[in-house]
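Listed here are the chains, written in short residue letters.
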Amino acid sequence: MQQSRRLEEFKKSVTNKFNIYNSLFLSLPYKNVENVGMLIPLLLDQCEKGLKAGKDPQEILEVFFSNFVDVKDERERLDFMFRIIQYVERQVVLYDSVEDSAFPKLQEYSRSLTIKDYFGLVNRTKNWDKVSKKLSTFSARIVLTAHPTQFYTPAVLDIIAELRSLIDDDRIHDIDVTLQQLGLTSLINAKKPTPLDEAKNIIYILRNTYYDAVGELYQYVKSNIRDDKFENYNLMKLGFWPGGDRDGNPFVTSEITKQVADELRLTLMKCYYNELKDLRKKLTFKGMQEDLNTLSGKLYKAMFDPNAPISYEGIVEHLGVVREKLIADYHRLYLGELDQFIDKVHIFKTHFATLDIRQDHSKHLLVVETILKQKGAIKESISELKEKELVKWLLKEDMSLDPNDFDEDIVKDTIANIQQLAEIQAKNGEEGCNRYIISNSEDIFAVLFVFGLFRWCGWDEKDITFDIVPLFETMKGMEAAEEVMQTLFDIPSYRKHLERRNEIHTIMLGFSDGTKDGGYLKANWSILKTKETLSKVCKKNGIKAIFFDGRGGPPARGGGKTHRFYAAQTKDVANHEIQLTIQGQTITSTYGTKEQFIHNSEQLLTAGLSNNLFGKELVISAAQRKLIEELSDLSFDKYDALKQHDKFIPYLENRSTLKYYTKANIGSRPGKRGNKAKLTLSDLRAISFVGSWSQLKQNVPGYFGLGTAIAKLKEEGRLNEVKKLYKDVPFFRALMHNSMMSLAKTNFDLTSYMKEDPEFGEFWNILHDEFELSQKMLLQISGLKILMEDEEVSRESVKIREKIVLPLLVIQQNALYHITQNSAYKELYEKIVTRSLYGNINASRNSA
């Protein structure tokens, strides 16, 4: 009943409103745009009918141009297609705005557990002491990344916010004017953004959304927790990767890192200054003016001058004096507002968000090898040293390094960056930058190289105020993780470092490369098993394990329903804190408004807390584990055979948008690691890998191999075992739900013309057969009649979004075809492919 009311509200507040406002696009200020506006529905109709009839994109567009537009010249047709793309991009923006506007209404009919619901459950079970104790230490950290699928500029985000508020009030005339503004505003970057540009774009969201949202969420918990001494300022923490994540991005330098740290602090000072300004309008009492003016002056200077920081302790001390006077002399007037401001200062301190440093292990290997060569410890290769000798160099030998003594940029910059981190901590506070993450960790040296580099760069071992975080993301890395961590715990000097870090070890597990490496089920099952194993190892050694999940946008990169994922973790997984990355367009689509941020943050908190306080603990029995293992191995074999197919990489290179990701001015990071001439799967970034399958509407990494695995057990008469697994094991069910979402966003009709392709026809059929089989098998084990049957609103939203971008995708496929034919307009067709990426990425909201 609740779901049908929610669907009814969705149709009223989203579908109907979008259809009405979409008609306003007829007057958008483009050359001949009236024709485009009227012809888009005709083109959509032709695309839907043509694809169902098995026509290829060229035929569909030929019929359209001949029968409806009467444009015969190829160059004119290209111009017209560019205008269609512009139109569709803005339809997507409008739809996003309508859906965002409807979000609060739709949540009234949601089955999701909010903090309010959670407190209601606590009230009924009368265990306030238990929940108060848990909430006083529990926290969630969302880490915002700059992975290149987020490209709306602040100007466009402002327009979306304006549209959202106008749609709330149904102000048709103002919506019309704002849509015209949107039509004249460029949606894409004129040039590739720098890492600093990316950081500023996301800092814009911190300032305009998260500053107030985190404060409000904290106040709600504090006022309902029934604990007068509640002071868990870490309840909701923010992390930040733009400007700190140099993995695969040579444009992130030590200077960029410093600039981004400054930008975070300066922006926070602006937030503090503006909030204090509002408070000063209320605290107009004579005895307080001097204190308020002094603080205001310091904040004003600190928000413009990077070299005039004010400390967290300094701000709190000023506000403490004001608070005492307010209580003693002014009847506590406006004390609530002042306390809320003080709480925000305790939450954000002087850093706003923790800037993480990340680099690939191979780069540290190169740096350490170069340093040891210069010091005469080796002649050419680090392999000349035995393991014990290398460990001794890293942990015992002292040296003094000067970046200018080295020629290689990566060596100079790594040394310069580690040397400047103390200065960043001095200005932003220790929490401003205190984590160093190592991608592709597979052995102890992933961690020890960083520990050694800190020592060599002038850090006293006792003063290394950084958590060194291994990122186990490949199948090999996850298999080695237990031995790696135990060996590290057995090293006395590293163990002492952990004592100084409060006996806590953060360990990151990456979904993106895991899925690319091992396939969907194998990767996710391996991650859960690794978490369980590492939880035991840490517990045995008296270490508190905190898992940091590298979750991308779509299920293929660890995305999907976040609450469902965390609520499905077993009792054997350490549950002290939830940490995850939020990336790409997921930042704006899931956490983009204050209401969305609060709701989705609540989902993280309630998922983590529910595992501790309500219901039975989740256990996967030995028999269930054996079955998941079997399915995992079967699906991996199928996926691995696909990866080994000689057309796997050529198909992506020649029939997808893979090579165009780097041409789009979306992000600063290259689309692949290294600069080898020949593309290999290991060098390929998970984002462009998954994104390319998404643009093809084939979504292979999100399900491939599942159909074959389940069908094999069905052949053996064991389908009921899998059905029972789906029913009884929330973890398995969550994965299958995510795969069904991937399947629901798939449209093989778009590329059905490829089945006759002399080079790639056989490969396309392998993909299509597994898609059909996976859909059939998942519906059988779930008992559903259609994909996402039990998620009506999400299904409806996906359907509308897919319809909006279908003409764009047909144009994209047509362009890819003409590029292979060496058209005289090849360059323009390549521009069409690149440009068409934007609208489709945004419409999917979690495509890469």
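It should be noted that the structure appears before, not after, this text.
Residues numbered from 1 in each chain as written. Predicted model: local features only at pLDDT ≥ 70, side-chain atom pairs only at ≥ 80, totals over all residues. Heavy atoms only, no water.

Chemist: When you look at the environment of glycine 183 in this model, what are you seeing that I'm missing?
Modeler: Within the element layout of this structure, glycine 183 appears in helix H8 (residues 172-184). According to the relative accessible area criterion, glycine 183 is buried, its value standing at 6%. Taking the C-alpha atoms as reference points, glycine 183 and glutamate 384, separated by 201 residues in sequence, lie 62 Å from one another. (Helix = DSSP H or I, 4+ residues; strand = E, 2+ residues; numbered from the N terminus. Buried < 20%, exposed > 50% of the residue type's maximum accessible area, 1.4 Å probe, protein only.)

Chemist: For this particular structure, what's the right way to read the sheet that holds strand S9 (residues 577-582)?
Modeler: In a beta sheet, neighbouring strands are held together by backbone hydrogen bonds and run either parallel or antiparallel to one another. The strand order S3-S2-S1-S9-S8-S7-S6-S5-S4 describes an open sheet built from nine strands, whose pairing is parallel. Each edge of the sheet is formed by a strand with only one pairing partner; in this case those strands are strand S3 (354-355) and strand S4 (357-360). The pairing of strand S8 (residues 544-550) with S9 spans two bridges and is classified as parallel. Bridge assignment links aspartate 549 to a residue of S9, and that residue is leucine 580. (Pairing = 2+ DSSP bridges.)

Chemist: When you look at unusual backbone geometry in this model, what are you seeing that I'm missing?
Modeler: In this structure, lysine 349 is a non-glycine residue whose phi angle is positive, near 50°. Along the chain, lysine 349 turns up in the loop between helix H13 (335-348) and S3. Overall, lysine 349 belongs to the buried group, its relative accessible area being 17%. Positioned with a positive phi, asparagine 699 is a non-glycine residue whose angle comes to about 45°. Position of asparagine 699 relative to the elements: it lies in the loop between helix H27 (686-695) and helix H28 (706-715).

Chemist: Would you mind going over the pattern of salt bridges with me for this structure?
Modeler: Side-chain pairs of opposite charge can arise whenever the charged atoms involved come near each other. Evaluation of the coordinates by the stated rule reveals 55 salt bridges. We note a salt bridge from glutamate 721 to arginine 718, for which the minimum N-O separation is 3.2 Å. What makes arginine 718 buried here is its relative accessible area of 19%. When salt bridges that share partners are traced, they join Glu630, Lys712, Glu716, Arg718 and Glu721 into one network. (Salt bridge = Lys/Arg side-chain N within 4 Å of Asp/Glu carboxyl O.)

Chemist: Any chance you could explain the nonpolar core here in plain terms?
Modeler: Most often, soluble globular proteins have nonpolar side chains that are buried together. Of all hydrophobic cores here, the largest spans 266 residues; its most connected members are Leu206, Phe240, Tyr272, Leu631, Trp693 and Phe732. Beyond its immediate stretch of four places on either side in the chain, leucine 631 contacts Leu521, Ala709, Ile710, Leu713, Val722, Leu725 and Phe732. Counting seven residues, the second-largest nonpolar core is a separate cluster that includes Val143, Trp241, Ile437 and Phe548. (Core = buried A, V, L, I, M, F, W, Y, C linked by side-chain atoms within 4.5 Å. Contact = heavy atoms within 4.5 Å.)

Chemist: How should the environment of serine 383 be read in this particular structure?
Modeler: Structurally, serine 383 is set in the loop between helix H14 (361-374) and helix H15 (387-395). A polar atom in the side chain of serine 383 sits 2.7 Å from the side chain of serine 381. (Polar contact = N/O pair within 3.5 Å; in protein donor to acceptor, adjacent residues only side chain to side chain.)

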